[in-house]
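# Working through the structure, step by step
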Amino acid sequence: MSRKTPTNVPKKRTQVPRIKRSRAKIALVLGGGGLKGFAHIGVIRALQELAIDPTVVAGTSIGALIAAAYGGGMSVQEMSDRARRLQRRDLFRINRMGMLLERTRSPSIYLEAPLRAVVESVVPAKTFHEMGKRILVNTVDIQRGTQLVWGLHGLRDANVADAVYASCALPGFFPPGVIDRRHCVDGGVIDNLPVAAASLGMDIVLAVDTGSSDVVPENDIAVHGFTSIYMRAATTMMHALQLAPFAAWNKPPMILIRPKVSHIGWFSFSHTDEVIEAGYTAAMEALSNFEECMHGTGVYPRRSMEIIVDPNKCIGCELCVALAPRLMAMDGRRKAYPVTPIVEWSPADGDFVHHCPTYAIEVTRLETAGTRGGATTVDPTSEATTEATQSDSVRFKER
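Worth saying up front: this structure is predicted, and the values here are computed from it rather than measured. Each chain has its residues counted from 1, running along the sequence as written. Note on the predicted model: pLDDT of at least 70 is required for a residue's local features to be given, and 80 or more for side-chain atom pairs to be given and counted; whole-chain, interface and lining totals, by contrast, use all residues. As a rule here, side-chain values come from all non-hydrogen atoms in the structure, and water together with hydrogens is ignored.

## With respect to the pattern of salt bridges
The cut-off we apply is this: Between Lys or Arg on one side and Asp or Glu on the other, a salt bridge is scored when a side-chain nitrogen of the former is within 4 Å of a carboxyl oxygen of the latter. Strands are runs of DSSP state E lasting at least 2 residues, helices are runs of H or I lasting at least 4, and numbering of each runs from the N terminus. Partly exposed describes any residue whose relative accessible area lies between the buried limit of under 20% and the exposed limit of over 50%, with all areas from a 1.4 Å probe on protein chains only and scaled to the type maximum.
Under the definition given, this model contains 14 salt bridges. Between Glu120 and Arg116 there is a salt bridge, and its shortest N-O distance comes to 3.9 Å. Of this pair, Glu120 and Arg116 both sit in helix 5 (residues 112-122), 4 residues apart, roughly one helical turn. Note on Glu120: relative accessible area 47%, which makes it partly exposed. One salt bridge in this structure joins Asp162 and Arg116, with 3.0 Å as the shortest N-O distance. Of this pair, Asp162 sits in helix 6 (residues 160-168) while Arg116 sits in helix 5, and the two are 46 residues apart along the sequence. Residue classification places Asp162 among the partly exposed residues on the basis of a relative accessible area of 25%. Its relative accessible area of 17% is what places Arg116 among the buried residues.

Written out as structure tokens, the structure reads:
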């Protein structure tokens, strides 16, 4: 007599192999951001304390400078000491003869020599093949208008210092760098945080964003001169460019580290210790759940957030619906409302909020399900803040 096959036998679950931290292939990506990029030094200090050793280190602009110094074996202490000693005259010397003789044909406002000297004092005189750790330096070929990441396969014979100089050469401020007959400039023109190139073959990406994280209001920007206006425009552009890769990011998992430095100027030489410490603090917080994030997908860390719209301030322009059609909708009174009031957001989410022209949208972090956090809201018109705070009505609490 034949037996019936039992129908209530539980199926064996397929176990996804968990990668140990010591064996994980980790990409560390350091973004541009002027002297705010000294926060990367604090991040590296945190990684060393947590015994996290990146397989590859990629960088743009000052991120490339720190990546090359780290990859060349420079200690955190020495990087910190050099950062503290750096002064304005070490980087910026006006190209007086070029501006006088060539005028609008002059390639830059500032001379190349000071910046190149700083780069060569920090970066080993080696090719990418010869570096102790794998390094990627993000630049833009200004003649072709294309991204060029030195250190990728087929692009490892170049001198690392030449590539780093080019990555730091902000267009108009410094002359382009010439690498293998290619004229290259700051990679932030296209991609300030080159996570896609760095993630190839990796198990997890640690991305540090210091230059485009928060675009907070600056009420007096128009009276601060060319440099301030230019850098404000550059920050806004980089912020917008960065949103697309974050929105579509799936694998490998990414931990996005955003040090609280948006209140500090790109070329401020008087906040070095604060910036380094901000990098350390942000990294320790973001990496607190490193093991769990390593086996997930998307961008981390994630927080429970509540979206609230003040109907008295909403003018019915529908911009929030256009920018976030899955989250926002209009009611019968032509007032915006959140389709899903409680959301799980990473630091890369929710950019549509600060585009509200009347500051009608508020976003608050929830400590636990249904419970608001107790963080203080800061008014950016009276006090600088690193949160993505827009006014009394647009608030990101402890994102």
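## Re the confidence of the model for the chain
The predicted coordinates ought not to be read in detail in places where the model reports low pLDDT. Here is the rule we go by: Per-residue confidence from the prediction method is given by pLDDT, with values spanning 0 to 100. Should any heavy atoms of two residues lie within 4.5 Å, those residues are considered in contact.
Chain-level statistics for the chain give a pLDDT mean of 82 and a share of 78% at 70 or above. Low pLDDT, under 50, characterises residues 374-399; the predicted model gives this stretch 69 contacts beyond four residues in sequence or across chains.

## Re unusual backbone geometry
The linkage connecting Lys251 with the following residue, Pro252, adopts the cis geometry, with an omega of -10 degrees. Checked against the element boundaries, Pro252 lands in the loop between helix 8 (225-247) and strand 8 (254-257). Backbone geometry places Ala51, a non-glycine residue, at a positive phi of 60 degrees. Turning to its location among the elements, Ala51 is positioned in the loop between helix 1 (39-49) and strand 2 (56-60). A positive phi angle, close to 60 degrees, is found at Arg334, a residue other than glycine.

## Regarding the state of the cysteines
The condition that has to hold: Sulfur atoms of two cysteines make up a disulfide when they are within 2.5 Å.
Under the counting rule described, the total for this entry stands at 0 disulfides. A disulfide-free cysteine, Cys314 has its sulfur positioned 6.4 Å from the sulfur of Cys320, the nearest such atom. Note on Cys314: relative accessible area 10%, which makes it buried.

## Examining helix 9 (residues 272-286)
We count it as follows: Between the first and last residue of a helix there are one fewer steps than residues, each counted as 1.5 Å, and that sum is the expected span.
Here helix 9 spans 21 Å end to end across 15 residues, near enough to the 21 Å set by a 1.5 Å rise per residue. Listed in full, the buried residues belonging to helix 9 are Thr272, Val275, Ile276, Ala278, Gly279, Tyr280, Ala282, Ala283 and Ala286.

## A look at the packing of helix 2 (residues 62-71) against helix 6
Note the cut-off: Orientation is described by lines fitted to C-alpha atoms, with helices fitted over the stretch in contact, and by angles between N-to-C directions that extend from 0 to 180 degrees. Reported orientations rely on four angle classes, namely roughly parallel under 35 degrees, roughly antiparallel over 145, roughly perpendicular from 65 to 115, and oblique for the rest. Following the grouping adopted for this structure description, the nonpolar residues are Ala, Val, Leu, Ile, Met, Phe, Trp, Tyr, Cys and Pro, the charged ones are Asp, Glu, Lys and Arg, and the polar ones are all others, Gly among them.
Remark: helix 2 packs on helix 6, axes separated minimally by 8 Å, with the N-to-C direction vectors making an angle of 155 degrees. Here helix 2 lies roughly antiparallel to helix 6, going by the angle between them. Residues Ile62, Ala64, Leu65 and Ala68 of helix 2 form the contact with helix 6, whose participating residues are Val160, Val164, Ser167 and Cys168. Its residues assigned to classes, the contact of helix 2 with helix 6 comprises 7 nonpolar, 1 polar and no charged.

## Here we look at the nonpolar core
Selection criterion: Here, the term nonpolar core denotes a set of buried Ala, Val, Leu, Ile, Met, Phe, Trp, Tyr and Cys residues that are joined through side-chain atoms within 4.5 Å.
Judged by nonpolar contacts, the single largest core of 75 residues is most densely connected at Phe38, Leu206 and Ile255. The leading source of residues in this core is helix 2, at 8 residues. If sequence neighbours within four positions are ignored, Ile255 has contacts with Ile204, Val205, Leu206, Ala207, Ala286, Leu287, Phe290, Cys293 and Tyr300. With 19 residues, the next largest nonpolar core counts Val149, Ala197, Met202 and Trp249 among its residues.

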